[in-house]
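What follows is each chain in one-letter form.
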Amino acid sequence: MPDVDAARRLVVKIGSALLVGDNGLKTDWLGALAKDVAAHRARGADVILVSSGSIALGRRVLGLPQGALTLEQSQAAAAVGQIRLARVYEEVLAPHGVTTAQILVTLEDTENRRRYLNSRATMATLLGLGVVPIVNENDTVATDEIRYGDNDRLAAQIAVTIGADQLVLLSDVDGFYSANPKEDPTAQHFAMITHITAQIEAMAGDPISGLSKGGMKTKLLAAKTAVTGGCAMAIMEGSVLRPLKALAAGAKCTWFVPEGDPHTARKRWIAAMKPRGDVQVDAGALAALGSGKSLLPAGVVSVAGAFERGDPVAISGPDGATLGKGLIRYTAPEARAIAGHKSGEIADILGYPGRAALIHRDDMVI
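Structural notes, computed from the coordinates. (Residues numbered from 1 in each chain as written. Predicted model: local features only at pLDDT ≥ 70, side-chain atom pairs only at ≥ 80, totals over all residues. Heavy atoms only, no water.)

Considering the overall build of the protein
When helices and strands are counted, the protein shows 14 helices and 17 strands. For 366 residues, the compact-globule estimate of 2.2 N^0.38 gives 21 Å, and the C-alpha radius of gyration of the protein, at 22 Å, lies within 12% of that figure. Taken along its principal axes, the extent of the C-alpha atoms in the protein is 65 × 40 × 40 Å. Per-residue burial for the protein yields a buried fraction of 49% across its 366 residues. Here the analysis covers contacts within the protein between residues at least 6 apart in sequence; of these, 72% occur between residues at least 24 apart. For the protein, the separation between the mean place of its 38 positive charges and that of its 38 negative charges on side chains is 3 Å. (Helix = DSSP H or I, 4+ residues; strand = E, 2+ residues; numbered from the N terminus. Rg over C-alpha atoms; globule rule 2.2 N^0.38 Å. Buried < 20%, exposed > 50% of the residue type's maximum accessible area, 1.4 Å probe, protein only. Contact = heavy atoms within 4.5 Å. Lys, Arg positive; Asp, Glu negative; His and termini not counted. Charge placed at Lys NZ, Arg CZ, Asp CG, Glu CD.)

Next comes the structure, spelled out in structure tokens:
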């Protein structure tokens, strides 16, 4: 069974029903959650929060009626609520010495290769600086066609994007059941699921909470995304104070367990991609790659193909034999321009300071 206290990079999804009640924000609960986040940061773990609640907060301020909102009303509520949501997280985490940042994304941001790479690099930089990113769907600009529609799947995508090893969905249910436990008292609770079978999928029900958009079906979709990326995922009832502490102490939940870890899953993903070009390296680069180093422009002999930044390319040795694959950090014209040159010369050649590595070792399979 995974141990949340052992997570190196942890994504926590917070549902609207936990965050916002009849009287507004649940400040006591948020303050307790802040202690959990600070405790994980103190032990050296990276923490990312994917938080619902902006529309629920905004509609109260704007006096919008209960029930379904139009797209325009939802976007207006989100615009008002997002700034309040970001401020609240800043206020509860600052006393613990934790710096926060707001990241707003849409489905299109993860489907577009360049946007995906930019958001991944931004989050990685923030985490490297010790910041806790607060992620939400950018409801103010997203249309129905480019929306996740629920933060369960968004959290799973963020977890895979950033290479998290654990994802915790703080929800209004304490795990996955064979049926809706509020409708069927004989429903069986699953403590751990190692394979998401067709039978498991058939057990998923509908939303229970009036504020929550995501039911068990969306949580199962989130679990599929997470475990495919090598990330373990837990579903737990999160209304208890210090929910992450409770999870570590054995609170009732369901863990979805992946095969392998995020690093292994990412390597498998890269290995399965069809290369859009080829980068041939010299003997010195061949030796460096063999010792686990990144590929620098100085070690490149030739570049073939038409590709964009982030595309997969084959890596071949001095004899032309394929060594492996990697995700290249430059376009084909840029890669040709800097091939054979030292990293310190990149700015003069391209007119801007680029990345030192042509292909980083984390984005490479040899």
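Continuing now.
A few points about helix 7 (residues 151–162)
The terminal C-alpha atoms of helix 7, which comprises 12 residues, lie 16 Å apart, in line with the 16 Å expected from a rise of 1.5 Å per residue. With nine of 12 residues buried, helix 7 is to be regarded as a mostly interior element. For helix 7, the full list of buried residues reads Asn151, Asp152, Leu154, Ala155, Ala156, Ile158, Ala159, Thr161 and Ile162. Of the residues flanking the end of helix 7, it is glycine 163, one or two places downstream, whose phi is positive at about 75 degrees. (Expected span 1.5 Å × (residues − 1).)

Considering the pattern of salt bridges
One pass over the structure, following the stated rule, counts nine salt bridges. Salt-bridge contacts for aspartate 152 lead to lysine 13; the nearest nitrogen and oxygen are separated by 3.0 Å. Here the residue aspartate 152 occupies a position in helix 7, and lysine 13 occupies one in strand 1 (residues 9–14), the gap between them amounting to 139 residues. Among the residues examined, aspartate 152 registers a relative accessible area of 2% and is labelled buried. Here arginine 120 and aspartate 363 are joined by a salt bridge, their closest N and O atoms 4.0 Å apart. Linking arginine 120 in helix 6 (residues 113–128) with aspartate 363 in the loop between helix 14 (346–350) and strand 17 (364–365), this pair joins segments that are 243 residues apart in sequence. The exposure class of arginine 120 is partly exposed, given its relative accessible area of 21%. Judged by relative accessible area, which is 7%, aspartate 363 ranks as buried. Each member of the salt-bridge network shares a partner with another, and the members are Lys13, Asp152 and Lys219. (Salt bridge = Lys/Arg side-chain N within 4 Å of Asp/Glu carboxyl O.)

Remarks on the sheet that holds strand 11 (residues 232–237)
Pairing is mixed across the open sheet formed by eight strands, whose spatial order is 5-6-4-1-7-11-12-10. One side of each edge strand has no neighbouring strand; the edge strands of this open sheet are strand 5 (100–105) and strand 10 (192–193). In the sheet, strand 1 pairs with strand 4 (residues 46–51) via six bridges, with the strands oriented parallel. Across the sheet, the residue bridging to leucine 10 is valine 47, located in strand 4. (Pairing = 2+ DSSP bridges.)

Description of the nonpolar core
The tendency in soluble globular proteins is for nonpolar side chains to be buried side by side. Core analysis: the biggest nonpolar cluster contains 37 residues, and Val11, Val135, Leu167, Phe176, Met233 and Phe256 have the highest contact counts within it. Among the elements of the structure, strand 4, strand 5, helix 6, helix 7, strand 7 (166–171), helix 8 (198–203), helix 9 (216–228) and strand 11 are those that each provide at least two residues to this core. Ignoring sequence-local partners within four residues, the contact set of phenylalanine 256 consists of Phe176, Ile193, Ile196, Leu220, Ala223, Val227, Cys231, Ala232, Met233 and Ile235. (Core = buried A, V, L, I, M, F, W, Y, C linked by side-chain atoms within 4.5 Å.)

Concerning the side chain of threonine 331
Relative to the helices and strands, threonine 331 is located in the loop between strand 16 (322–327) and helix 13 (332–338). For threonine 331, a relative accessible area of 14% corresponds to the buried category. Excluding its chain neighbours within four sequence positions, the residues that come into contact with threonine 331 are Arg114, Phe307, Glu308 and Arg309.

Without other data, these values stay purely geometric and don't point to any function.
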